[in-house]
Amino acid sequence: MRYDPHTYRGSRRSVVMAPRGMVATSQPLAAQAGIEILKSGGNAIDAAIAVNAVLGVVEPMSCGIGGDLFAIVRKAESGGLTGLNASGRAPYAATIDYYTGQGHEYVPGTGPLNWSVPGCVDGWSCLLDRFGTMSLEQVLEPAIYYSENGFPVSDIIARDWAGSIPLLKPWSESVRVYLPGGKAPEPGAVFRNPDLARSYRILAEGGRDAFYEGEITEAVVACSRDVGGLFSLEDFRDHASTWDDPVSVDYRGHTVWELPPSGQGIAALQMLNILEGYDLAETGCLSAETLHLQIEAKKLAYADRAVFYADPAFADVPVEALLSRDYADRQRARIDPRRAAVDVPAGDPILQHGDTAYMTVVDEDRNVVSFIQSIFRGFGSGIVPEGTGFPIQNRGQLFSLDPAHRNALAPHKRPFHTIIPAMVTRGGNPWLTFGLMGGAMQPQGHVQVLCSMIDFGMDVQEAGDAPRFQHIGSAEPTGAPMESGGGRVNVEDGIGEGAFRRLEEMGHRISRYAHGYGGYQAIRIDPESRMLHGASEPRKDGCAIGY
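Residues numbered from 1 in each chain as written. Predicted model: local features only at pLDDT ≥ 70, side-chain atom pairs only at ≥ 80, totals over all residues. Heavy atoms only, no water.

### Regarding the overall build of the protein
Along its length, the protein carries 21 helices and 19 strands. Taken over C-alpha atoms, the radius of gyration comes to 22 Å for the protein, in line with the 24 Å a tight globule of 547 residues would show. As presented, the protein carries roughly 18,500 Å² of accessible surface, and 49% of it is formed by carbon and sulfur atoms. For the protein, the centre of its 47 positive side-chain charges and the centre of its 66 negative side-chain charges are spaced 4 Å apart. (Helix = DSSP H or I, 4+ residues; strand = E, 2+ residues; numbered from the N terminus. Rg over C-alpha atoms; globule rule 2.2 N^0.38 Å. Areas by Shrake-Rupley, 256 points an atom, 1.4 Å probe, with all protein chains shown as cover. Lys, Arg positive; Asp, Glu negative; His and termini not counted. Charge placed at Lys NZ, Arg CZ, Asp CG, Glu CD.)

Written out as structure tokens, the structure is:
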């Protein structure tokens, strides 16, 4: 049953189509910067890094060089997919005994004790060295321009900026940089960040080592000492990204690719494996029956996420078992088609089987990059090291302090990670490159978008506009327990009253809520014409631009 997008009461955008190259991301100035790189001879990888650097200026609560990145790259000449995990690790001084000795049951959400080494700049360097055609200096030019000369703050970014005031207020340098005059910029206000421009210039001249063994390193470590953090120079010197093979499942003739843990991408693949056993086209788009199956599949996948997902350098992560068809069949059998599950423990795949910013770019040669970068919560930890112009992420908050947990905090270990780029191929050819921002919303958002396109025949823009649900309250890899009663389901307007009431009757704790459903960007490559079809949803300020 095809969904009629005109029943959705949000805004409706047309698909952006272009023959040569395309960028889709969450802010128009950043998208335009990527197009300029493509037009000047750069490839998709060059353009993606330029887009990311501009987003660090214009959407600073979502991303920046104080955070991490992940990417999936498809090179046109080889046809192969390569994954990059450019996430950072805990300080060497970070031990569970230190945290529990300070009285912490969980890693704190604020302050410097949730810091992990930012991996973004090393990720840029790895991507440019292996796939790029331009220098770091060239791709940073647009970001330096907007940092120095200013940019008008767009509407949704202004709203998110204002929501971060309590986080920034305790830190004088954060207030100086990001709350000029003691307040967040209003929509349309011109904002400048000369300190960030200076940091970008240092990187343009000195490359990745300027961040991990130079002036910026020293500023971050000095800040850590001043505010009670645990960073050392050694933490930065020993940082390195890793190249990871993407993993995939087949969903109705489409091969869906995600990155393996330490990220959560395989949760989307687990959900798709479960859902493939149902005829969703028959139960219908946005029906209570379809939504119920999607929600219940999410609960099962996220129960496994809470137990099994971790840094594979420190723990056994049974990826192959979790993605097996046999395991999906057994998980599917746990779903009651008429009743919401309340208690959802993790499955047993081993014994029985043996605030973020997303951008995607496709260039004229059909090199494709799916790229996501984040400082985790809005403005990360909220702490800006003096003179740098960027906040440090709080990604370490996602460690568990339970020593028996796979995701237990340990020195120089990566935390469980939420940001996930995705790609879809058909017959070995790229079909869709996409992502959806928003913490735990991401895998369930990936699945809803793909079901909209594959099961219900939506185009790439309709799939972004369609109303979504978000199930909240799953057990977390931090060791935090699941909310009682099986969690809550928030739904957007556009999900009909009949479906809403039927889900309640099935036992779902459901409510309508306006925000928190992610920020989707996508480019589809038409398999016959090779034309590019781009989309950017109205939940963000962004756009798709092609030429």
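Anyway, onward from the coordinates.
### Things to note about the sheet that holds strand β2 (residues 22–25)
A sheet is described by the order of its strands in space; here 7 strands give the open sequence β7-β4-β3-β11-β10-β2-β19, paired in antiparallel fashion. In this open sheet, the two strands that pair with only one neighbour each are β7 (242–244) and β19 (543–546). Recorded for the sheet is a direction-independent mean angle of 15° between the axes of neighbouring strands. Where strand β10 (residues 356–362) and strand β11 (residues 368–374) come together, 7 bridges link them in antiparallel fashion. Directly across from Val-362, in β11, lies its bridge partner Val-368. (Pairing = 2+ DSSP bridges. Axes fitted to C-alpha atoms, helices over the stretch in contact; angles between N-to-C directions.)

### Examining empty space enclosed by the protein
Counted as a void, the largest cavity has a volume near 120 Å³. Together, 14 residues line the largest cavity, and Leu-286, Gln-294, Gln-448, Ser-452 and Pro-467 are the ones closest to its centre. For the lining of the largest cavity, the secondary structure elements donating two or more residues are α15 (288–308) and α19 (441–454). For the lining of the largest cavity, the element with the most residues is α19, which contributes 4 residues. Of the residues contributing to the lining of the largest cavity, the split by class is 9 nonpolar, 4 polar and 1 charged. (1 Å grid on protein atoms, 1.4 Å probe; cavity = no way out; pocket = protein on both sides within 12 Å on 5 of 7 lines; lining within 4 Å. Points joined across faces, edges and corners; volume = space filled by probe spheres on them. Nonpolar A, V, L, I, M, F, W, Y, C, P; charged D, E, K, R; others polar.)

### Details of the environment of Leu-323
Inspection of the secondary structure assignment puts Leu-323 in the loop between α16 (319–322) and α17 (325–332). Spatially, the C-alpha atoms of Leu-323 and Thr-95 are 32 Å apart, while their sequence positions differ by 228 residues. Discounting chain neighbours no more than four positions away, the residues touching Leu-323 are Val-247, Ser-248, Val-249, Ile-266, Leu-269, Gln-270 and Asn-273. (Contact = heavy atoms within 4.5 Å.)

### Quick notes on the environment of Met-453
Note that Met-453 resides in helix α19. When the C-alpha positions of Met-453 and Glu-476 are compared, they lie 29 Å apart, and in sequence the two are 23 residues distant. Beyond its immediate chain neighbours, meaning those up to four positions away, Met-453 contacts Trp-431, Leu-432, Met-458, Asp-459, Val-460, Ala-463, Tyr-520 and Arg-524.

### Considerations on the side chain of Arg-305
Within the secondary structure, Arg-305 is located in helix α15. Under the relative-accessibility criterion, Arg-305 is labelled buried at 1%. When near neighbours in sequence (up to four residues on either side) are disregarded, Arg-305 contacts Gln-264, Phe-416, Ala-440, Ala-475, Glu-476 and Pro-477. (Buried < 20%, exposed > 50% of the residue type's maximum accessible area, 1.4 Å probe, protein only.)

### Topic: the nonpolar core
Counting residues in hydrophobic clusters, the biggest one holds 82 residues, and the most contacted among them are Ile-65, Trp-124, Leu-127, Trp-161, Tyr-200, Leu-203 and Phe-371. For this core, the leading source of residues is helix α2 (residues 44–58), giving 12 residues. With residues up to four places along the chain from it excluded, the contact list for Trp-124 reads Ile-49, Asn-52, Ala-53, Ile-65, Leu-69, Leu-136, Leu-140, Tyr-200, Leu-203 and Phe-371. In this structure, Ala-301, Leu-436, Ile-495 and Ile-510 belong to the second largest nonpolar core, which totals 69 residues. (Core = buried A, V, L, I, M, F, W, Y, C linked by side-chain atoms within 4.5 Å.)

### With respect to the packing of aromatic side chains
Taken as a whole, this structure holds 17 aromatic pairs when the rule is applied. Here Phe-211 and Phe-236 contribute two aromatic rings whose centre-to-centre distance is 6.4 Å and whose plane-to-plane angle is 45°, an arrangement assigned as tilted. Of the two residues, Phe-211 is situated in helix α10 (residues 209–212) and Phe-236 in helix α12 (residues 233–237); the sequence distance between them amounts to 25 residues. The pair Phe-211 / Phe-236 is uniform in exposure class, with both members buried. Here the aromatic residues Trp-115, Phe-211, Tyr-212, Phe-231, Phe-236 and Phe-390 are joined through ring pairs into a cluster of three or more. (Phe/Tyr/Trp six-rings, centres within 6.5 Å; stacked < 30°, edge-to-face > 60°.)

### Considering helix α11 (residues 215–227)
An ideal rise of 1.5 Å per residue puts 18 Å on 13 residues; α11 measures up with 19 Å between its terminal C-alpha atoms. Buried within α11 we find Ile-216, Thr-217, Val-220, Val-221, Cys-223 and Ser-224. The buried side chains of α11 occupy one side of the element, clustering within an arc of 155° when seen end-on. Those residues of α11 that are exposed and aimed more than 90 degrees away from the buried face are Arg-225 and Asp-226. On its buried face, α11 sits against α9 (194–206), α10 and α12. Phi for Gly-228, located one or two positions after α11, is positive at around 90°. (Expected span 1.5 Å × (residues − 1). Arc of directions from axis to C-beta.)

### Structural notes on the packing of helix α1 (residues 28–39) against α2
Helix-helix packing is characterised by the crossing angle of the two axes and by the distance between the axes. Orientation of α1 relative to α2, taken along the N-to-C sense of each, is 150°, at an axis distance of 8 Å. Put simply, α1 runs roughly antiparallel to α2. Pair α1 / α2 crosses with right-handed handedness. Note on element contacts: α2 touches α1 through Ala-44, Asp-46, Ala-47, Ala-50, Val-51, Val-54, Leu-55 and Val-58, opposite Leu-29, Ala-30, Ala-33, Gly-34, Ile-37 and Leu-38. Considered class by class, the residues forming the contact of α1 with α2 number 12 nonpolar, 1 polar and 1 charged. (Parallel < 35°, antiparallel > 145°, perpendicular 65-115°, else oblique. Left-handed = near helix turned anticlockwise from the far one by under 90°.)

### Quick notes on the state of the cysteines
Evaluated as defined, the whole model comprises 0 disulfides. Free of any disulfide, Cys-63 has its nearest neighbouring cysteine sulfur in Cys-120, separated by 7.8 Å. By relative accessible area, Cys-63 is classed as buried at 2%. For Cys-223, which is in no disulfide, the shortest distance to another cysteine sulfur is to Cys-120 and amounts to 18 Å. (Disulfide = S-S within 2.5 Å.)

### A short note on the sheet that holds strand β17 (residues 520–525)
The antiparallel open sheet is built from 7 strands, whose spatial order is β1-β18-β17-β13-β12-β9-β8. Since the sheet does not close on itself, it has two edges, and those belong to β1 (16–18) and β8 (247–251), each with one partner. Pairwise comparison of adjacent strand axes, ignoring direction, gives a mean angle of 20° for this sheet. Pairing geometry for strand β13 (residues 429–436) and β17, over 5 bridges, is antiparallel. Residue pairing in the sheet places Thr-433 in a bridge with Ile-523 of β17. The strands touched by α19 are β8, β9 (254–258), β12 (422–426), β13 and β17; relative to β13, the strand with the most contacts, the crossing angle is about 135°.

Take it as geometry only, folks, not as evidence of what the structure does.
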